[in-house]
Structure formats: structure tokens, C-alpha cells
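# Fold and geometry: a report
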Amino acid sequence: MSRSVLQPSQQKLAEKLTILNDRGVGMLTRLYNIKKACGDPKAKPSYLIDKNLESAVKFIVRKFPAVETRNNNQQLAQLQKEKSEILKNLALYYFTFVDVMEFKDHVCELLNTIDVCQVFFDITVNFDLTKNYLDLIITYTTLMILLSRIEERKAIIGLYNYAHEMTHGASDREYPRLGQMIVDYENPLKKMMEEFVPHSKSLSDALISLQMVYPRRNLSADQWRNAQLLSLISAPSTMLNPAQSDTNTANSAVALGNSEGVIYQIENDLAAMFLKEKCQVGFILCHGILNTDTTALNLWKLALQSSSCLSLFRDEVFHIHKAAEDLFVNIRGYDIFNYFVFFGKEYYNKRINDIRECKEAAVSHAGSMHRERRKFLRSALKELATVLSDQPGLLGPKALFVFMALSFARDEIIWLLRHADNMPKKSADDFIDKHIAELIFYMEELRAHVRKYGPVMQRYYVQYLSGFDAVVLNELVQVKTISNYAPFLEDGEVFDFRGMRLDWFRLQAYTSVSKASLSLSDHRELGKMMNTIIFHTKMVDSLVEMLVETSDLSIFCFYSRAFEKMFQQCLELPSQSRYSIAFPLLCTHFMSCTHELCPEERHHIGDRSLSLCNMFLDEMAKQARNLITDICTEQCTLSDQLLPKHCAKTISQAVNKKSKKQTGKKGEPEREKPGVESMRKNRLVVTNLDKLHTALSELCFSINYVPNMVVWEHTFTPREYLTSHLEIRFTKSIVGMTMYNQATQEIAKPSELLTSVRAYMTVLQSIENYVQIDITRVFNNVLLQQTQHLDSHGEPTITSLYTNWYLETLLRQVSNGHIAYFPAMKAFVNLPTENELTFNAEEYSDISEMRSLSELLGPYGMKFLSESLMWHISSQVAELKKLVVENVDVLTQMRTSFDKPDQMAALFKRLSSVDSVLKRMTIIGVILSFRSLAQEALRDVLSYHIPFLVSSIEDFKDHIPRETDMKVAMNVYELSSAAGLPCEIDPALVVALSSQKSENISPEEEYKIACLLMVFVAVSLPTLASNVMSQYSPAIEGHCNNIHCLAKAINQIAAALFTIHKGSIEDRLKEFLALASSSLLKIGQETDKTTTRNRESVYLLLDMIVQESPFLTMDLLESCFPYVLLRNAYHAVYKQSVTSSA
């Protein structure tokens, strides 16, 4: 290509640079994924680890790039079998390497064209051209270095080519050049140093133009602080002025030129770390300039001193000092360029010494310098975010400050991330930043301001473009093109200045070549003004892209371990936990690192972003949940101190003090009274509860910071994570607070559990002060689940635990004779026995405890308790029916012979299992008595919570007409029973007994068995008189062996059975009363004192049965059993009770 033929204006440099830079990033992405796949045994191509192909692979690599297939049939025999599969599976890898080669060809061609055109480069004038030129060189260099790091590249290329030759009879047409390129770039830096000899003039000019940029970007934190960098309030009088970079402003220490646009572009697009790469790598490629230009040498040294670890691509790093030193050592004293000046050993020794000095400086001082920068940026960004949140209108004139702040912070975070594990540390503290979350948080806050108030910025800059930029540009070039855009803002016009920016890029290229009709180097003011305008146009139509360019932290996707470690450090430090939301917010950045040339990695990166975001939010919610649990534990402890059981000692001390009795040991510490913890004498004294509340408020601020976030088209709601964890923990806590021990059958008293649950709920309600969550929904979900047998996870609930405990522990001990039901106390009470029980039945069954149980279980839970009780009753009734069947003939005769005493006596002797019948009926009575306590407690609780609804149900029940159909009546009874109201017929018992119907027995036979069961019970009552424990106690209004519960059992069982069999309940109870009266009257004639020991106490059962029954009356009893006997019986038992007490 000769200069006489080539026309610079027709080379389309802008378009080529744009396309090649984008394609270069895509090629880097593909090479990166190939390298990672080859480094992962699970993702590595199977042919590289196949034992059968091992010898073939070694042969190919050893002979690479030569191809020898004729004399190596044995080694390549296995390859012949799998050639088609190899071609298919390695094609993507092979053609990626081919694309890299083609990219190299295009880059080399463009660089030659640029040299021929003698393009002028100056970052402050033709910014886009210079930046894209340097970007292309760095991308090209990075690509070749990354290529050399793929250890399996020869094996992959060789395998594919051998398979191709075996299949098609010839090597792939790209293979010879590709193989040679792989060999040439074994040492990429050395090879590229040779390549860039002809390009050194253009490259060195572009790099030296950075002297106005990089040194000022590399200032220390103290210099930033003295210049009040990024401060909006340092000069209040100029707060509304557009951010300009004049030498007399407060930001002169970081000003990079005379134009706002130049400042912006250099400060953000050319971020510090990229400038380092350009200076460090660029000057190595054209190192000859270091010997002749002091400015270049100083720039190179400054870059080497600030960093020792460059980012090649993502988490691939490049140790520049070692690479440069090795390179200069290898070429020292040897002229590798036959057309370049030989520098001599002295030159290379100087460069080697420079590198070593810079490395020492980087190791010694870079860590502390960047640590101080991050410290400054934390306070600066906090101030900036606070001011802008209060006055978002400042985002217009001070947009430059926002993007500078984001760029500075982004560079420092990435520097720390890159160096934390890749730099020899003299001071480990400089590379461990526990406050990094705060810096990231303020970055996210600024990003949120820009997104939220984007229209404000757009309106400002549209007016700025038309009112100022157009005027200035008109003075320079006499055109008016931008002013026409302003009126469209109010009409909702979508602005798109991309074409304008590309035209400016093209104009830079046209006016920067030699012999251009308009040389940009002679019109620097025009270049700077256009750079300013370009920045302003980006503020109108490319805010999102600007945020990505200046603050994208998607690199964290490839530093997962460091990312998670930073997050854990953030949670462990209470003062930083309020910023923990920054980590899940960073996951929204990850998809911006993908490239269209490598679409297959989108799912991998997307899944990683989802998993990390989910993990972070889950850990935050867990941490908050744990803090809330600790607070609840503390509050439950305080509530426990207020329980009545703890006041006994205080009352005892007060009584003894009044009676002047000395109790207790001397020197015994006085027990602290509840509430002492609230007495503060010093504000500096911080309790554990204070610390927990502080930590919780900090963490909840983070959870409540954003309502939701979108990660890879998935919406995450942080508050829902907390809600979910609170539900799970509340469920476990409620069950745990029952303190149920299956081995010892111990369980917490319902009243104590209710106190703890209320304390827990009080704390949870206070969470609404920190986070905008619906805690009522948590209560509804959890407490409603606790009213069921199992919760949503299939775990037992307090309903099942208490139901099992009352059935299997308390009521079983009642059946064993260790506990009795005392009607006077409406509670079950322990009886004095040899083996003392481990619990006091009264403390679990009195009215207050049953009300607490009803509060906890609610109507649903109490219904489940009733159903469980009824299941036990139905099993007892089933056994009773079996006993009736055994005695069916005798009972049939006794049913019709109750007025024949002698015959009844003879028949009674033929009955079997009389005691078993009475015992089972007594058990049924005990269960029904317990249920009546539970129902009464439920009624009291519901009357307190929903009095109007309960009164309506009660009124409905009381006014059912007698002629109402039984099905309708049962529906009303079921409603009433659910509200705890007593019913003439127990619907739960009816349902339980209905399920016992046998298919082998006719309904008539079932009805007969029910009638005979009542006969069996009636004729068996007299046997109770001989039992010592059958004595009636007026104090408890019952019998110690619980036979007074027979009254409830007889009435309820009769009502249920004859409702099922559609018989007359009243007639059957009359029959029962006649039989029972006749049988009891006979024992009045007995002379055996043993048989009549507790005759009077048993007589009272008749009165109890009538009193309990809604179907029997005292008049009916009087007709069967003389009332005088009842009166005498009451007199006798009360007299006997007084005598016993005396």
C-alpha cells in the first residue's frame, strides 16, 4: 500500500476502530471462556483427557505445527475412530482461534493504515480517536497474551486439523497460518515489541498526550481532600453553576483541560486503571521513546509505581513488573530489530533498575495510598449523595461530579479486588477493607439518583445544548444544528444523538490525518468544544450507558469468593450491615459484562447473578431473623419475670417482714424486681438489648432500602425474604417454647406459653417500625397453621403437641386413678398416691389455663382437640358395644324385668364385665368433662374477642323450633359447638359415633345394642356402692374415683346414639332412669355393709344425671326415686364429710 495511492479521507478510520474494538472485546470473551473451560476438568473437552487419545495428543503437541500422518498410524489409530466427533465438538474452539487470527490481520492492517496516514493523536483534542486507538492496541495485546495462556491451544488446534485431514484428505486451509501464529506468540510481549517498531511514532504520540491526564488522576487522598474534590458545598455561591474545569476553580488539582467534556471523558471513559494499562503496556511496546523523552519515562514510572497487577480481562491478571523485567533481561545486549537502533546493555540495565524501583514503590506505598483514597471517597460520596437526595435539581449542573465520583470509586474498588490476592503484601491491612460495602452503597445511591431523576438531567442539558453550546459552536463554525432540538422535550420526543457522536468521531479522523484540508491540531478549541457537546448529548440520551461506563462492577461476578468474603465481613461488622444491600444490588450489574459474540455464557452468568443475589438476600434475612430472635428471647425472659409464680417469694418476704420473722440466710442477695433493667443512671451504659436493637435497625435499613430489584429478568423483593424467615422462625419458636419433652412428657403451661408468644408478637410488631412489611400476614400465616395438626412443612404444631399431651398424659393419669376431676374447682387435681406425678394437673386444667389454651389454639385447634377426644370416646363405645353383644340375651331379659326384683338379681349375676362397663363409661365421662372445660374456655375467649358474633350464634341456637329437621338442627349445633356453646346433642360426638356403623349389622340391631348399652349401665350402677373411692366429697362436689362424670357420659352418649339411630332420646333416658332407680333402690334393702358402703354417694348420681340432662326433669325422677332418699343421702354425705374433717 503506497502513500500516493492511499487516500486518508477514504479509510473510514472511525468505523474500523469502533467495529474492531467491539469485536476485540467479543474475541476476549470467547477466549476467556475457552481458557476457563480447559481449566475445569468438568468442562474440559473430553478428547484432551481421554486415556485412549493421550499418546496421540502428546504426539500432536510435540510435532506442532507440523502434520505427520503417514508414518504414525499406531499413535493416531484411535484418532481415526473418533475423527467425526472431534470435528464436531472442537469446531467452536478451532474457529475461535481462526477468528483471533483474522482479528489480528485486521488490526495490523488498520495500524499500518494509520501510520501511512500519519494520524495526529492528542487525548485532549481528538479524544474519541485517541481513546479508540489506544483501546485497540490494549485489546489486541491482551488478546494475544490471553491466547498464549491457553495451555491446550496446540492440542485443540492440532486435534482438529488431524481429524480434518483424515476426513477430507487435506489440512484445513487456515491451519498453516494459524499454527505459525500460535508458535510466534509463545512469548507475546516479545513478538509484539517487534511488531510495533513501525508503529512506535503514532503510539508514543498518543501515550505522551496522556501527560495532561494521568499524573493528575494519580493524586493522593490528601491532595484530593485539599482541593475539596467532588464537594458541592465547598463553594456555596457556585453551587448552581455548571461544573467547569478552569484553572482557578477549587478542582484545579484534578482539572484536565479547559473543557467540561474533556474532563468527563478522561475522568470516566479513560478510568485510572485503563490509563495504567495504556501507560505500562504501551510504553513497553514502544520502549525506545523512554530513552529520548523524559515525559514518557516519567509517565511510565508513575504508572508502574501505582500498580503491580493489571487486569487483562475479567479475573485474568498480568504482573507487569515481572513480565517487563523478564522481557528486558532476555533482550539485553541483543539487537532483536535489524532495522532499529541498538540501545546497548546500559539502556536495558537502566530500564531493569527502573522497573525494580517502581515495583518496590508499588509494594510499599500503593496499598496505603489506595486505602486512603477509598477512605476519602466514602465521605465524599456520602456528602454528594446526601446533597443530591435533598436537592436533585443539582444533578443537572453537577452531573460531571456524579460521574467523576462513580468513576473514582469504581477504579478503587476494582484495584482492591484485583490486588487483594495478587500482590505481595507488606501490610495486609491495606488490602482488607471492611468498609468497602459503604463505598459500594454510596455508588448505588448515586446511580439510583441518576436513574430516578434522569428527566431532570435531560431537561437541563437539552436547554444547555440549545442555549449555550449551540451559541458557542455557532461562533466557532457558523452553524446552528442543535438549537432545534429544544422544543421537542415537552412533547415527549425520544432523543437520539448517536449519529451526531459518530459524525464527530468521523470528523476527528478526517481532520487528524496528514494534509487534511482542516487540521484539528490547528483548531484545538473546536475539538474541546465538541468534546463538551458530546458529553452533554450523552446526558440526554445515554444516561444508562454512562452509568455502565463509569460505575459497572460486573467484575465481581468473576471474583465470587472475594465477593462473598466482603459480604460476610459486612454482616459481621454492625456499623456496616446497613450497607449490605449493596451486594445484591451489584448482582444487577453482571449481565452488562456479556457480549453478543459469546451468547452461550449469558445463562451461566445469569444463573450466577441469581444464585448470588438469592444467597445475599437470604443471609441478610437470616441475620435479621437471628437478631429478632435474640431480642424476642430477651423480651420473653423479661415477661417471664412478671409471671405470678415469681411473686410468691416477694409476698413471703413482705409477710415475714410485717410479722418480724427472719427467714433465709444472712447475706443472701435480694432478688431484683422486674423493671430494674430500665433504670439508667448513665447514658453510656449499653445493655445487650440496646446492642441488638441497634444492629437490627442498621440491618433493617438495608433490607428496606429498595422495594425490589431486577436481576436477569427476575424480580427480587428483599422484604419478602425477611417475611419468609420470620414465618419459619416464629413457627419454630412457638413450638420450641412449648418445651415439650417426649421422654419425660413435660410441657409448658398454656398460660406461660401464651405470655411468651405475646412477648414474641410484641417484638415482631415493632419490626414494622424498621421495615415496611405486613407483620399481620406473618401472624395470620403462622398462628393459623398452629391451629392445624401439622404445619405447611409437615411438622407438628402446638395443637398436636397439646392435644397429645392432654390425651396421653393428663387424661391417661385420670384413668389410672392418679387424678380426679373436681367440679367445684372446674379443674383436674392430683390425688395423693405413692408415685407422685411430675406435674400438677390443676396447673394445666384450671379455667385460666384452659382459656390460655383456647387463645393459643383458637377455634380450629380446639375443634381438632375435640375431634381427638371424640375419637377416644368412640373407641371406648366400640368396646362397650362388644361387651353388650356378649351379654345381649341377659340384658334383653333385664330390660323387661326391672319390676321383678328376684329375677333381676338372678339375671344380674349372669352379667359379665360389669366393672369394665362402668370403668369405660367413667373414662368417657372424664373425657367429656375435660371437653366441657375446653368448650367453656373457648366460649369465654370468643365472647371477649367477638362478643356480637357469639351472642348471635347463641341466640340462633336457643331459638331452634322443636319441629326443626334434625339435619338442620345438627348444622346449628355444629356452629354453636365451634363457638364453645353447650348443645343438647354434641355434633362432634355424633360424627365420631356415626363412623362406627358396621356393614354386617342391620340398623335395627344397632339400635337394639344402643338401648341395651343404656340398660347395662343402669343395672351396673349399684356395684359402685361397694367401692371405697366412691364416697362423695361435698368440697369437690364429686367422687374421688370420678364416677360423678358418669352423669355427663350417660346423657351425651344417649343423646348421640339415639340421634344417630333416630330414636327418642327422652324415652330412652326415661327407661334408663327407671332401670337405674329400681337397681339403686334394691341396695337400700341390702344388709351387707361392704356392699352398701357408699350407698348414699351413689344415690346422688341419679340427681347428677337429671341435673345434667336437658331431657329429664326432677318430677320424672321423683316418680321413680323418692326425693326423700336423695335429701337423706345429701345429709349423710355432708355429715360424713364434716366428721372426716374433724
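Residues numbered from 1 in each chain as written. Predicted model: local features only at pLDDT ≥ 70, side-chain atom pairs only at ≥ 80, totals over all residues. Heavy atoms only, no water.

Of regular secondary structure, the protein possesses 45 helices and 8 strands. Its C-alpha atoms give the protein a radius of gyration of 46 Å, more than 25% over the compact-globule value 32 Å for 1142 residues. Dimensions of the protein along its principal axes, counting C-alpha atoms only, are 145 × 85 × 70 Å. Taking the intrachain contacts of the protein between residues at least 6 apart in sequence as the baseline, contacts between residues at least 24 apart amount to 78%. Here the protein displays about 51700 Å² of accessible surface, and carbon together with sulfur accounts for 51% of that area. Side-chain charges of the protein comprise 121 positive and 133 negative groups, with the mean position of each set lying 5 Å from the other. (Helix = DSSP H or I, 4+ residues; strand = E, 2+ residues; numbered from the N terminus. Rg over C-alpha atoms; globule rule 2.2 N^0.38 Å. Contact = heavy atoms within 4.5 Å. Areas by Shrake-Rupley, 256 points an atom, 1.4 Å probe, with all protein chains shown as cover. Lys, Arg positive; Asp, Glu negative; His and termini not counted. Charge placed at Lys NZ, Arg CZ, Asp CG, Glu CD.)

Along any regular strand the residues' side chains alternate between the sheet's two faces. Burial runs high along strand β1 (residues 309-313): 5 of the 5 residues are buried. Sheet topology note: the β1/strand β2 (residues 316-319) ladder contains 4 bridges and is antiparallel. Within the sheet, the bridge partner assigned to Phe 313 lies in β2 and is Glu 316. Linkage of β1 to β2, two consecutive antiparallel strands, is achieved through a turn of 2 residues, within which Arg 314 is found at a positive phi near 55 degrees. (Buried < 20%, exposed > 50% of the residue type's maximum accessible area, 1.4 Å probe, protein only. Pairing = 2+ DSSP bridges.)

As far as domains go, the protein holds domain 1 (7-196), domain 2 (563-642 + 685-787) and domain 3 (809-1140). Each of domain 2 and domain 3 has a C-alpha centre, and the two are 51 Å apart. In this complex, domain 2 contributes 13 residues to the contact, which on the side of domain 3 involves 12 residues. Across the domain 2 to domain 3 interface the summed buried area is about 1100 Å²; carbon plus sulfur atoms make up 60%. Counting the contacts that link domain 2 with domain 3 gives 2 salt bridges. Taking the shortest distance from any N to any O, the salt bridge between Glu 843 and Lys 749 comes out at 3.8 Å. Our count for the domain 2 to domain 3 interface comes out at 4 residue pairs in polar contact (both at pLDDT 80 or more). (Domains from an automatic or database assignment. Buried area = accessible area lost by both parts, 1.4 Å probe. Salt bridge = Lys/Arg side-chain N within 4 Å of Asp/Glu carboxyl O. Polar contact = N/O pair within 3.5 Å; in protein donor to acceptor, adjacent residues only side chain to side chain.)

To continue, consider the pairing of strand β6 (residues 827-830). Bridge count for strand β5 (residues 819-822) against β6 is 4 bridges, and the pairing is antiparallel. Bridge pairing links Ala 820 to Val 829 in β6.

All right, on to the packing of aromatic side chains then. Throughout the structure, instances matching the rule amount to 44 aromatic pairs. Ring plane angle 20 degrees and centroid distance 5.8 Å describe the contact between Trp 415 and Phe 431, whose orientation is recorded as stacked. With a gap of 16 residues between them, Trp 415 in helix α17 (residues 399-419) and Phe 431 in the loop between α17 and α18 (436-452) connect regions that are remote in the sequence. A single burial state applies to Trp 415 and to Phe 431, both of which are buried. When the centroid spacing of 6.0 Å and the interplanar angle of 90 degrees are considered together, the rings of Phe 839 and Tyr 844 count as edge-to-face. Each member of the pair, Phe 839 as well as Tyr 844, is classed as buried. Ring-pair connections join several aromatic residues into one group, and the members of that group are Tyr 802, Trp 805, Tyr 806, Tyr 821, Phe 828, Phe 839, Tyr 844 and Phe 930. It is Lys 398 that lies over the ring of Phe 401; its NZ or CZ is 5.3 Å from the centre. In this structure, Arg 578 is placed above the aromatic ring of Phe 701, and the distance from its NZ or CZ to the ring centre is 3.9 Å. (Phe/Tyr/Trp six-rings, centres within 6.5 Å; stacked < 30°, edge-to-face > 60°. Lys NZ or Arg CZ within 6 Å of the ring centre and 35° of its normal.)

With an omega of 5 degrees, the peptide bond between Phe 64 and Pro 65 qualifies as cis. Mapped onto the elements, Pro 65 comes out in the loop between α2 (54-63) and α3 (77-81). Despite not being glycine, Trp 712 has its phi angle at roughly 50 degrees, a positive value. Residue position: Trp 712 is located in the loop between β3 (709-711) and β4 (714-716).

Residue placement: Glu 412 occurs in helix α17. Taking relative accessible area as the criterion, Glu 412 reaches 3% and is therefore assigned buried. In this structure, Glu 412 is in contact with His 370, Arg 373, Arg 374 and Leu 377, ignoring residues within four places of it in sequence.

Taking 1.5 Å of rise per residue, 18 residues should cover 26 Å, and helix α40 (residues 1003-1020) covers 26 Å from first to last C-alpha, within 8% of that figure. Taken across its 18 residues, α40 has 13 buried, putting it largely inside the fold. (Expected span 1.5 Å × (residues − 1).)

Secondary-structure assignment places Ser 866 in helix α33 (residues 847-886). Note on Ser 866: relative accessible area 6%, which makes it buried. One polar contact links Ser 866 to Arg 931, side chain to side chain, over a distance of 3.2 Å.

Let us look at the packing of helix α41 (residues 1046-1060) against helix α43 (residues 1095-1108). In contact at an axis separation of 8 Å, α41 and α43 are set at 45 degrees when each is read in the N-to-C sense. It follows that α41 is oblique to α43 by the angle criterion. Judged by the sense of rotation from one axis to the other, the crossing of α41 with α43 is right-handed. Contacts between α41 and α43 pair Leu 1046, Ala 1047, Lys 1048, Ile 1050 and Asn 1051 from the former with Leu 1101, Met 1104, Ile 1105 and Glu 1108 from the latter. Per-class residue counts for the contact of α41 with α43 are 6 nonpolar, 1 polar and 2 charged. (Axes fitted to C-alpha atoms, helices over the stretch in contact; angles between N-to-C directions. Parallel < 35°, antiparallel > 145°, perpendicular 65-115°, else oblique. Left-handed = near helix turned anticlockwise from the far one by under 90°. Nonpolar A, V, L, I, M, F, W, Y, C, P; charged D, E, K, R; others polar.)

Here we come to the pattern of salt bridges. Applying the stated criterion to the full structure yields 52 salt bridges. Linking Glu 316 and Lys 36 is a salt bridge whose minimum nitrogen-to-oxygen distance equals 3.5 Å. With Glu 316 in strand β2 and Lys 36 in helix α1 (residues 13-39), this residue pair connects regions lying 280 residues apart in the sequence. Glu 316 sits in the buried class, given a relative accessible area of 6%. A salt bridge links Asp 105 to Arg 177, with the nearest nitrogen and oxygen atoms 2.4 Å apart.

Further remarks concern the nonpolar core. One finds Phe 283, Leu 381, Phe 403, Phe 556, Phe 730, Leu 810 and Phe 828 to be the most contacted residues of the largest nonpolar core, which totals 367 residues. Of all the elements, helix α4 (residues 83-117) adds the most residues to this core, at 17 residues. With sequence-adjacent residues up to four places away left out, Leu 810 is seen in contact with Trp 805, Ile 819, Phe 828, Phe 839, Ala 841, Tyr 844 and Ser 845. Formed by 5 residues, the second largest nonpolar core is a distinct cluster that contains Ala 820, Val 829, Leu 831 and Ile 1036. (Core = buried A, V, L, I, M, F, W, Y, C linked by side-chain atoms within 4.5 Å.)

In this section: the confidence of the model for the protein. Detailed reading of the predicted model is not advised wherever pLDDT is low. For the protein, per-residue confidence averages 86 on the pLDDT scale, and residues scoring 70 or more make up 91% of the total. Predicted confidence in the protein is weakest over helix α12 (residues 260-269), with a mean pLDDT of 36, and strongest over helix α24 (residues 582-586), with 96. When the criterion is pLDDT under 50, residues 335-342 qualifies, and its contacts beyond four places in sequence or with other chains add up to 16 contacts. (pLDDT = per-residue confidence, 0-100.)

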